[in-house]
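Examination of the molecular architecture
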Amino acid sequence: MAGIYIHIPFCRQKCYYCDFYKTVNTGQTPRFIKAIQQEARKRKDYAGSEKIETIYFGGGTPSVLNGNELAEILQFFRKEFEIVKEAEVTFEANPDDLTVNYLETLYQAGVNRLSIGLQALQNEHLKRMNRRHDVQQAIASVNDAQKAGFQNLSVDLIYGLPELTINQWKSTLKQIFSLPFLHLSAYHLTYHQGTPFYTWLKKGTLKELDEKESVEQFEILIETAERYGFEHYEISNFAKNHLYSKHNTSYWTGKKYLGLGPSAHSFNGNSRQWNMAHLEGYLKAQENNLPFFEEEVLSENEKFNEYILTRMRTKWGIQEQEIRNIFGSQVLNAFQKEIENYLQMELIKKENGNFTFTRKGLFISDDILSNLMII
Ligand SMILES: C[S@@+](CC[C@H](N)C(=O)[O-])C[C@H]1O[C@@H](n2cnc3c(N)ncnc32)[C@H](O)[C@@H]1O
Ligand SMILES: C[S@@+](CC[C@H](N)C(=O)[O-])C[C@H]1O[C@@H](n2cnc3c(N)ncnc32)[C@H](O)[C@@H]1O
Ligand code: SF4
């Protein structure tokens with residue numbers, strides 16, 4: 001089984017923290033929709049002849065697409081690929097796009113997992129982030145989505161925002177968990193070079209939240225989510241009733257996926273491919289039947305690194321037996337030596353041959369994982 005990721009590189013306006021590839025030149029959607037189909041025909045064999053179990057519309061802002069455009073893309077994929085009946089079709093949307101009509105259009109088109117980018121529940125934070133919606137629209141979008149028939153609803157939040165107080169964060173979580181959704185993604189704010197947030201941080205006009213408060217917000221997030229019956233299944237992801245994101249879980253468990261659109265990346269177990277992040281270049285390449293991606297064939301060490309970097313982010317962790325079967329006893333012995341002091345410091349725990357982060361370890365997982373990688 002494999003997944004398809006479709007990058008919709010358009011946004012109605014740019015948020016000041018975001019460095020995902022997008023352009024506000026939304027007039028290019030008709031050309032883009034043709035180009036995506038040309039690229040899919042050309043690259044469909046990258047993920048082998050696997051059946052497709054997930055389709056993911058990310059971006060950028062997929063909810064820039066109108067109903068007909070979305071229907072055209074989905075019709076094309078149903079014709080071009082073997083898609084299983086129960087495929088998960090995820091669509092990311094911004095609250096200000098989610099009118100009742102549009103929600104019904106998405107539902108009719110076959111979207112069965114809707115991810116809504118709420119980000120924050122204080123208008124002063126939404127304003128500083130340059131979000132187009134306000135708190136009221138955010139809350140209404142989740143309730144309207146449920147009324148339109150969406151069960152598998154996910155919401156995105158960002159914590160560690162400048163001046164986000166502990167009380168504000170607690171109130172955000174209290175309001176959020178009174179809404180009808182079953183999956184939560186909550187990300188700690190990252191300052192990406194090239195974004196206004198990063199520039200203001202360097203200039204000193206924006207003050208980064210101190211680490212202690214960020215860690216406290218992460219702890220409050222985990223405790224509150226678990227109190228409301230959500231399972232913490234990946235560092236930034238929580239699910240009720242085991243409604244994990246099937247598509248994103250395929251990233252963390254090494255499944256194949258074909259990424260389409262500018263900046264989209266793909267993986268098939270032996271190599272990674274990624275499209276350049278440039279809309280005009282992408283469109284011209286598809287129109288002239290030229291490739292527009294780079295490829296890296298993975299060495300054995302890189303496959304091992306890929307394996308630990310993805311799986312250790314999840315509650316499933318990594319299995320000693322699996323490391324031995326896939327990478328051999330030598331790699332396993334070296335790994336066991338490396339991991340010893342993290343076990344001693346209780347940053348990683350080992351149960352029946354399975355390694356996972358402890359809560360303490362989760363906070364510094366990036367540093368630990370970079371030390372465990374084979375260079
Ligand atoms: C492609 S983005 C946005 C999807 C959609 N366009 C929206 O704005 O809601 C997916 C998610 O990444 C998260 N994100 C984007 N930039 C981030 C940053 N700099 N730090 C932390 N999370 C970020 C946000 O929670 C966002 O919902
Ligand atoms: C940050 S995650 C948010 C997941 C969402 N909260 C959910 O649970 O469905 C999604 C974003 O990651 C990026 N992304 C995901 N898969 C990608 C791929 N294969 N290639 C490029 N970007 C990708 C896109 O910007 C996409 O909007
Ligand atoms: S957060 Fe979403 S709407 Fe904002 S710039 Fe990024 S992709 Fe566009």
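Residues numbered from 1 in each chain as written. Chains lettered and ligands numbered in written order. Predicted model: local features only at pLDDT ≥ 70, side-chain atom pairs only at ≥ 80, totals over all residues. Heavy atoms only, no water.

**Side note on the domain arrangement of the protein**
- We note that the domain assignment places domain 1 (2-250) and domain 2 (300-375) within the protein.
- When each unit is reduced to the centre of its C-alpha atoms, the spacing between domain 1 and domain 2 is 29 Å.
- Taken together, the contact pairs 14 residues of domain 1 with eight residues of domain 2.
- Summing the contributions of domain 1 and of domain 2, the shared interface buries around 1,000 Å²; its carbon and sulfur component is 64%.
- Applying the counting criterion to the domain 1 and domain 2 interface returns four salt bridges.
- With a closest N to O distance of 2.7 Å, E231 and K315 form a salt bridge.
- Between domain 1 and domain 2 we count six residue pairs in polar contact (both at pLDDT 80 or more) in total.
- Breaking the side of domain 1 that touches domain 2 down by element, the ones donating at least two residues are α8 (211-227) and β7 (231-234).
- Counting residues per element, the side of domain 1 that touches domain 2 draws most heavily on α8, which supplies six residues.
- Residues that form the side of domain 1 that touches domain 2 fall into these classes: six nonpolar, three polar and five charged. (Domains from an automatic or database assignment. Contact = heavy atoms within 4.5 Å. Buried area = accessible area lost by both parts, 1.4 Å probe. Salt bridge = Lys/Arg side-chain N within 4 Å of Asp/Glu carboxyl O. Polar contact = N/O pair within 3.5 Å; in protein donor to acceptor, adjacent residues only side chain to side chain. Helix = DSSP H or I, 4+ residues; strand = E, 2+ residues; numbered from the N terminus. Nonpolar A, V, L, I, M, F, W, Y, C, P; charged D, E, K, R; others polar.)

**Comments concerning helix α13 (residues 329-344)**
- The end-to-end C-alpha distance of α13, which contains 16 residues, comes to 22 Å, matching closely the 22 Å that a straight helix rising 1.5 Å per residue would cover.
- Along α13, the sharpest change in direction is near 30° and occurs at E338.
- For α13, the complete set of buried residues consists of L332, F335, I339 and Y342.
- Where α13 terminates, the next one or two residues include E346, which has phi positive at roughly 55°. (Expected span 1.5 Å × (residues − 1). Bend = angle between axes of the 7 residues up to and from the residue. Buried < 20%, exposed > 50% of the residue type's maximum accessible area, 1.4 Å probe, protein only.)

**Description of the sheet that holds strand β15 (residues 354-357)**
- Strand order in the open sheet formed by three strands is β13-β15-β14, and the pairing between neighbours is antiparallel. Both edges of this open sheet fall to β13 (318-319) and β14 (348-351), since each of them pairs with a single strand only.
- As paired strands, β14 and β15 are joined by four bridges and run antiparallel to one another. Residue pairing across strands places E351 opposite N354, the latter belonging to β15.
- Here α13 sits on the sheet and contacts β13, β14 and β15; the angle it forms with β14, its principal contact strand, is near 115°. (Pairing = 2+ DSSP bridges. Axes fitted to C-alpha atoms, helices over the stretch in contact; angles between N-to-C directions.)

**Let's talk about the site of ligand 1**
- By nearness alone, 18 residues border ligand 1, and G59, G60, Q119, R131 and D156 come closest of all.
- When isolated, ligand 1 has an accessible area of 560 Å², and the protein chains bury 92% of it.
- For the shell around ligand 1, the elements supplying multiple residues, two or more each, are β4 (113-119), β5 (153-159) and β6 (183-188). (Near = heavy atom within 4 Å. Areas by Shrake-Rupley, 256 points an atom, 1.4 Å probe, with all protein chains shown as cover.)

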